[in-house]
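# Observations on the model geometry
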Amino acid sequence: MTVQVGLAVNYITQRLFLSGLVLMPAIACLLVPDALRLQVFDALGVTGTLLLWSLLTALVVHAATRMPARVERPAYQNEAPVLLRRGVLGSPDLALPGPKTMRETLGVVLSQADMPPPQDGPESADRALGLALGRLIEAWNAPTLHAQSDARLAELFLFYQLLTRRADEAGALAQLFARPDVVLEIRDQIATIRKRRAAFDKQNNAFAANQTAWEEQGEADRPAALLTALRGLVHPDIDLWHKVVTEHDPHDAAQREAALWCVRQPDCDRATVACFLAYAAADGLLAAAARRGDRAWLSGVQSVVDGWNAGRYTRRELGLSPSDSLSAMAPVFSNALDQVAEATGSTRWATPRGAFAEYTGRKPRPRDHWCLRTGRLLRAPRRTDYFDQGVASAA
């Protein structure tokens, strides 16, 4: 709106100036003394005076048409885009570090843009962040970070903070910007890139850990404890943990112990933990453990229930098929807790709140190269078992 008003004022001013040029012959006549005007009129007569007037007017109009027709752009139209609302930088409530600290911080971020694109998967959030800040500097027509004024530096730093802070803090920062919707959309794009790369890195680390386990396993055909093998993986593999929980033989003490170990890991997916609790109740494992006095295993299961209610399990990546396959297990598990309390003479455990709900997410990826009975890998892991098809072929 300000630019449109400025253009209108500039146009009107120019048109008034040109109109003034056309009226200059009449204005000049008004300035000439009466005696001189009469002498000219007597000498030239009516016809001559009109011809002189027409000649002067034609000369003025010709001169006006020779003037540049282009309306000069106001100075503010040549300025670089402004991110913040007017008056934000002068606010006493705006707490920013000194220019030296801001330049050092932003310099590190911008250096990521000079890195080559990742060759083993999706774009990294650090590089995307550096590219976003670099594009803004280019729009400001300043070649380097050190060429920015302190005001521009503050704008850039606030933009960086908005892209990297928590959602609630970013929402508050967005109100400082002239277009909150635009900067928040950029932030969402960076967050999507970050999540996609993090998911890839987790799967890539799991693949590397399985590959190492296969290479170090050796050729000797000897059984190994499943729990020992799981602990030997240097990176978590939630898909392998899901396989252990959902496919282990509950009557095999080693496999039962390995399944309990999997669900006691904080990084275990909520769907996997819910399956463990549901199966333990449905197969009568809880009541059987109480009758035989297996307090160590029961104590482990109780710690899982307590951890669930305490919010320990936050990963929500895996889905079940069908998604509501555990929805009818709440009364079954409650009944199992009654049996445990009666058999052990102890206080009844708390119910895992919201455990037996609907689980939507990606399908657990296959880990068929593992033998749960022997705790050994049957073959080398395949990349297609760890990544989506497009990522696996590009990695």
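Scroll up to find the structure this text is about.
Figured I'd write up the structure that's included with this text. Keep in mind the model is a prediction, meaning the values are calculated, not measured.

It is worth spelling out the overall build of the protein at this point. The secondary structure content of the protein amounts to 16 helices and two strands. Expressed as a percentage of its 395 residues, the buried residues of the protein come to 38%. Once local pairs closer than 6 in sequence are excluded, the contacts in the protein between residues at least 24 apart make up 71%.

Our next topic: the environment of aspartate 338. Turning to its location among the elements, aspartate 338 is positioned in helix H15 (residues 330–344). For aspartate 338, a relative accessible area of 37% gives the class partly exposed. Separated by 2.6 Å, the side chains of aspartate 338 and arginine 348 make a polar contact.

All buried positions along helix H7 (residues 167–174) are accounted for by Ala170, Leu173 and Ala174. Each buried residue of H7 sits inside an arc of 100° when the element is viewed along its axis, so together they form one side. Turning to H7, the residues buried within the fold contact helix H6 (150–164) and helix H8 (180–217).

Further remarks concern the packing of helix H13 (residues 285–292) against H15. Interaxial distance between H13 and H15 falls to 9 Å at its minimum, and their mutual angle equals 5°. Judged on the interaxial angle alone, H15 and H13 are roughly parallel. Residues Leu286, Ala287 and Ala290 of H13 pack against Phe333, Ala336, Gln339, Val340, Ala343 and Thr344 of H15. When grouped by side-chain class, the residues that make up the contact of H13 with H15 number seven nonpolar, two polar and no charged.

This part takes up the nonpolar core. Within the largest apolar cluster, 53 residues are counted, with the highest numbers of intra-cluster contacts made by Val244, Phe276, Leu277, Leu286, Trp297 and Leu326. Among the secondary structure elements, those contributing two or more residues to this core are helix H9 (226–232), helix H10 (238–247), helix H11 (253–263), helix H12 (270–282), H13, helix H14 (295–309) and H15. The element contributing the most residues to this core is H12, with nine residues. If you look at the next biggest cluster of nonpolar residues, it comprises 26 residues, including Leu129, Trp140, Leu153 and Leu156.

The subject of this paragraph is the environment of leucine 320. With respect to the helices and strands, leucine 320 occurs in the loop between H14 and H15. On the basis of relative accessibility, which here comes to 13%, the residue leucine 320 falls in the buried class. Sequence spacing of leucine 320 and alanine 271 is 49 residues, and the spatial spacing of their C-alpha atoms is 7.2 Å. Contacts of leucine 320, omitting those with residues within four sequence positions, involve His242, Ala271, Cys275, Ser325, Leu326 and Tyr359.

With the rule as written, the count across this model stands at eight aromatic pairs. Over the ring of phenylalanine 207 we find arginine 383; its NZ or CZ atom is 4.8 Å from the centre of that ring.

Relative orientation of the contacting elements H11 and H12 amounts to 140°, with a least axis distance of 9 Å. As the angle between them shows, H11 and H12 are arranged oblique. The way H11 lies across H12 gives a crossing that is left-handed. Seen from H11, the contacting residues are Ala259, Leu260 and Val263; seen from H12, they are Thr272, Val273 and Phe276. Within the contact of H11 with H12, the residues separate by chemical class into five nonpolar, one polar and no charged.

Cut-offs applied
Note on numbering: residues in each chain are counted from 1, in written sequence order. Only residues with pLDDT of 70 or above have their local features reported here, since the model is predicted, and side-chain atom pairs are shown and tallied only from 80 upward, although totals for entire chains, interfaces and linings are computed over all residues. Remark: hydrogens and water are excluded; side-chain values derive from all non-hydrogen atoms of the structure. Under the DSSP-based scheme used, a helix requires at least four consecutive residues in state H or I and a strand at least two consecutive residues in state E, with every element numbered from the N terminus. Burial classes: relative accessible area under 20% of the type maximum marks a residue as buried, over 50% as exposed, and values in between as partly exposed (1.4 Å probe, protein chains only). Residues count as neighbours in contact if any of their non-hydrogen atoms are within 4.5 Å of one another. N or O atoms within 3.5 Å of each other form a polar contact, as long as, within protein, one can give a hydrogen and the other can take it, and as long as residues adjacent in sequence are counted only when both atoms are side-chain atoms. By arc we mean the arc of the directions from the helix axis to the C-beta atoms, nothing more. The axes used here are C-alpha line fits, helices contributing only the stretch in contact, and every angle between their N-to-C directions lies in the interval 0 to 180 degrees. These descriptions rest on fixed angle ranges, namely under 35 degrees for roughly parallel, over 145 for roughly antiparallel, 65 to 115 for roughly perpendicular, and the rest for oblique. Under the scheme applied, nonpolar residues are Ala, Val, Leu, Ile, Met, Phe, Trp, Tyr, Cys and Pro; charged residues are Asp, Glu, Lys and Arg; polar residues are all the others, including Gly. Put simply, a nonpolar core is a bunch of buried Ala, Val, Leu, Ile, Met, Phe, Trp, Tyr and Cys residues held in one set by side-chain atoms that sit within 4.5 Å of each other. The criterion for an aromatic pair is that two Phe, Tyr or Trp rings (for Trp, the six-membered ring) have centres within 6.5 Å, with stacked assigned to planes under 30 degrees apart, edge-to-face to planes over 60 apart and tilted to the rest. Look at NZ for Lys and CZ for Arg. If either is within 6 Å of the ring centre and within 35 degrees of the ring normal, a charge sits over the ring. Crossing handedness is defined as follows: a turn of the near helix away from the far one that is anticlockwise and smaller than a right angle gives a left-handed crossing, while the clockwise case is right-handed.

Read these as spatial facts, not as claims about activity.
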